Amino acid sequence: MNFTPLGGSGTHEGFCLIKSVEKKLTAKGVPYLDLVIADNDGEIGAKLWDYRETPSNQFKKFDFVKVRGTFVPFNDTTQFRVERIRAVLPEDDVAIEDYVPSACLTGEVMLAEIEKIVDGFENGELKTLVSAVIDEYREKIIYWPAAKNLHHAVRSGLLMHTLSILRLANAVCKIYGFVNYDLLCSGAILHDIAKIDELEASSTGIASEYTVRGNLLGHLVMGAIRIDEIGKANGVSQETLTLVEHMLISHHGTPEFGAAKLPMFIEAELLSQLDLLDARLYEMRHAVKEVEPGSFTPRQWALDNRCLYNHGIAPNGDVKLISEE
């Protein structure tokens, strides 16, 4: 944990995320909080003894807090004994991205780049549709993760994944002149938008569980429904909506992976392939960097159960890629 020592007292303080919290009783019936707290350096078990619950000190999972206490040995490990804890305040002037896994760019920066792309659309209906959807989800899309686990399950991960695909789409369209850029980009921006409705997440950008509708419908179907509603409310033609909705319900490629239809036109196929490319490269990158050069990873069930090899060869140049964290 990246906590600051206070003098020579052994006391430390810092900012962290509550990963779990449970109110318990000691053998003598005294209440205490059993917590797991975490920052970008890792996580640790913590205890707040003699807990007296008040309206101002009720804590829940994924709260962003400031703590003060001491590290103490416990059962062959180390535990943090909390002496003081409170919610983070605006005057603390700390960025949550420094304390939770986050995209390498802020949500605000990524959304601005995406909206600049939309402003350049030649197709008026697609510009109207995508702009309206972004406005609908603007507050949450800034910090929303792309998943509970697996690829881009970080703060602002949804925008990170979206912008990566948009940059790939731009490169593809420079090679294949027959691709409709506006349509492909519209699908890229909207394909996972319903993850905001599918997942429960807080402003920390960490997803905790799936919503009821998320479990029953999934983001492909939910996205198509929402696009249809927003599009019709903004006068977008049924023909345009059908194309975009098809891209959403087919972007997982095959029914085996949740697609309701196979991609049936060029831009739909490209979206499916670029989505898979970005997701797989993200997962491979994160798996490989956990092992030493010259070593193999454990089997990765999300990547066809492969053991991946870290060849240790550094990338060329010093370009900052959006997929890096």
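I will try to describe carefully the structure that is included in this document. (Residues numbered from 1 in each chain as written. Predicted model: local features only at pLDDT ≥ 70, side-chain atom pairs only at ≥ 80, totals over all residues. Heavy atoms only, no water.)

Examining the overall build of the chain
Let me state the cut-off plainly: Think of it this way: any DSSP run of H or I at least four residues long counts as a helix, any run of E at least two long counts as a strand, and we number them from the N terminus. Here the term buried applies to any residue with accessible area under 20% of the maximum for its type, exposed to any over 50%, and partly exposed to those in between, with areas from a 1.4 Å probe on protein chains only. Here, residues are in contact when the closest pair of their heavy atoms is within 4.5 Å. Reported accessibility uses the Shrake-Rupley method at a 1.4 Å probe radius. Residues are deemed covered only where the shown protein chains occlude them. Charge assignment: positive for Lys and Arg, negative for Asp and Glu; neither His nor the chain ends contribute. Where a charge lies is defined by one atom per residue type: Lys uses NZ, Arg uses CZ, Asp uses CG and Glu uses CD.
Looking only at helices and strands, one finds 9 helices and 8 strands in the chain. Of all 325 residues assigned to the chain, the portion counted as buried reaches 45%. Counting only contacts in the chain whose residues sit at least 6 apart along the sequence, the fraction spanning at least 24 positions is 56%. Of the roughly 17300 Å² that the chain leaves accessible, carbon and sulfur atoms contribute 52%. Separation of charge centres in the chain, based on 32 positive and 47 negative side chains, amounts to 6 Å.

Side note on the side chain of Asp-34
Residue position: Asp-34 is located in strand 3 (residues 31-39). Those residues in contact with Asp-34, other than ones at most four positions away along the chain, are Ser-20, Val-21, Glu-22, Lys-24, Ala-46 and Lys-47.

Some words on the nonpolar core
To keep it simple, the criterion reads: Among buried residues, the Ala, Val, Leu, Ile, Met, Phe, Trp, Tyr and Cys ones that are joined through side-chain atoms within 4.5 Å form a nonpolar core.
Ranked by size, the top nonpolar core spans 52 residues in total, and within it Leu-129, Val-133, Leu-166, Ile-189, Leu-190, Ile-227 and Val-244 carry the most contacts. Of all the elements in the fold, those that place two or more residues in this core are helix 1 (107-119), helix 2 (124-141), helix 3 (157-175), helix 4 (181-190), helix 7 (218-233), helix 8 (238-250) and helix 9 (266-288). The contact partners of Val-244, leaving out residues within four places of it in the chain, are Leu-126, Leu-129, Leu-183, Leu-190 and Ile-227. Counting residues in hydrophobic clusters, the runner-up holds 16 residues, among them Ile-18, Leu-48, Val-65 and Phe-80.

Here's the deal with a nonpolar patch on the surface
To keep things clear, this is the line we draw: Excluding any residue in a salt bridge, patches collect residues exceeding 30% relative accessible area, merging like charges within 9 Å and nonpolar Val, Leu, Ile, Met, Phe, Trp and Tyr side chains within 5 Å. By definition, a salt bridge exists where a carboxyl oxygen of Asp or Glu is found within 4 Å of a side-chain nitrogen of Lys or Arg.
Side chains of Val-212, Leu-216, Leu-217, Val-221 and Ile-225 sit close together on the surface and give an oily, nonpolar patch of about 450 Å² of accessible area. Taken together, the elements giving at least two residues each to the nonpolar patch come down to helix 6 (212-216) and helix 7. Structurally, Leu-216 can be placed in helix 6. Judged by relative accessible area, Leu-216 falls into the exposed class, the value being 68%.

Considering the side chain of His-251
Just so we agree on the cut-off: Counted as a polar contact is a pair of N or O atoms within 3.5 Å, where, for protein atoms, one must be capable of donating a hydrogen and the other of accepting one, and residues adjacent in sequence contribute only when both atoms are in side chains.
For His-251, the position within the fold is in the loop between helix 8 and helix 9. By relative accessible area, which is 1% here, His-251 ends up buried. Within polar-contact distance, the side chain of His-251 engages the side chain of Asp-192 at 3.3 Å. Reaching out from His-251, the side chain makes a polar contact with the side chain of His-252 at a distance of 3.4 Å. Aside from chain neighbours lying at most four places away, what touches His-251 is His-191, Asp-192, His-219, Leu-220, Leu-271, Ser-272 and Asp-275.

Notes on the packing of aromatic side chains
What counts here: Any Phe, Tyr or Trp ring, taking Trp's six-membered ring, that has another such ring centre within 6.5 Å forms a pair; planes under 30 degrees apart are called stacked, those over 60 apart edge-to-face, and the others tilted. When the NZ atom of lysine or the CZ atom of arginine is within 6 Å of a ring's centre and also within 35 degrees of its normal, the charge is said to sit over that ring.
Overall, the coordinates contain 10 aromatic pairs when judged by the stated rule. When the centroid spacing of 6.5 Å and the interplanar angle of 45° are considered together, the rings of Phe-15 and Phe-64 count as tilted. In this pair, Phe-15 is assigned in strand 2 (residues 11-25) and Phe-64 in strand 5 (residues 64-74), connecting sequence segments 49 residues apart. The class for Phe-15 is buried, based on a relative accessible area of 12%. Measuring from centroid to centroid gives 5.8 Å for Tyr-143 and Trp-144, while their planes differ by 40°, and the two rings are tilted. Assessed through its relative accessible area of 13%, Tyr-143 is described here as buried. Trp-144 sits in the buried class, given a relative accessible area of 2%. Put simply, the rings of Phe-3, Phe-71 and Phe-80 pair up and form one aromatic cluster. Above the plane of the ring of Phe-74 lies Lys-47, whose end atom (NZ or CZ) is 5.7 Å from the centre.

Looking at the state of the cysteines
To be explicit about the condition: Pairs of cysteine sulfur atoms within 2.5 Å are what we label disulfides.
Within this structure, the stated rule accounts for 0 disulfides. Here Cys-173 stays unpaired: no disulfide links it, and the sulfur of Cys-185, its closest cysteine neighbor, is 6.2 Å away.

Here's the deal with the pattern of salt bridges
Applying the stated criterion across every chain, the model contains 18 salt bridges. Residues joined by salt bridges that share partners form a network here, namely Glu-13, Lys-66 and Arg-68.

What to know about the pairing of strand 8 (residues 207-210)
Worth spelling out the cut-off: Strands qualify as paired when DSSP identifies two bridges or more between them.
In this structure, strand 7 (residues 199-201) lies alongside strand 8, joined through 3 bridges in antiparallel fashion. Paired with Ala-201 across the bridge in strand 8 is Ala-207. A loop of 5 residues connects strand 7 with strand 8, the two strands running antiparallel in sequence, and Gly-205 in this loop sits at a positive phi of about 85°.

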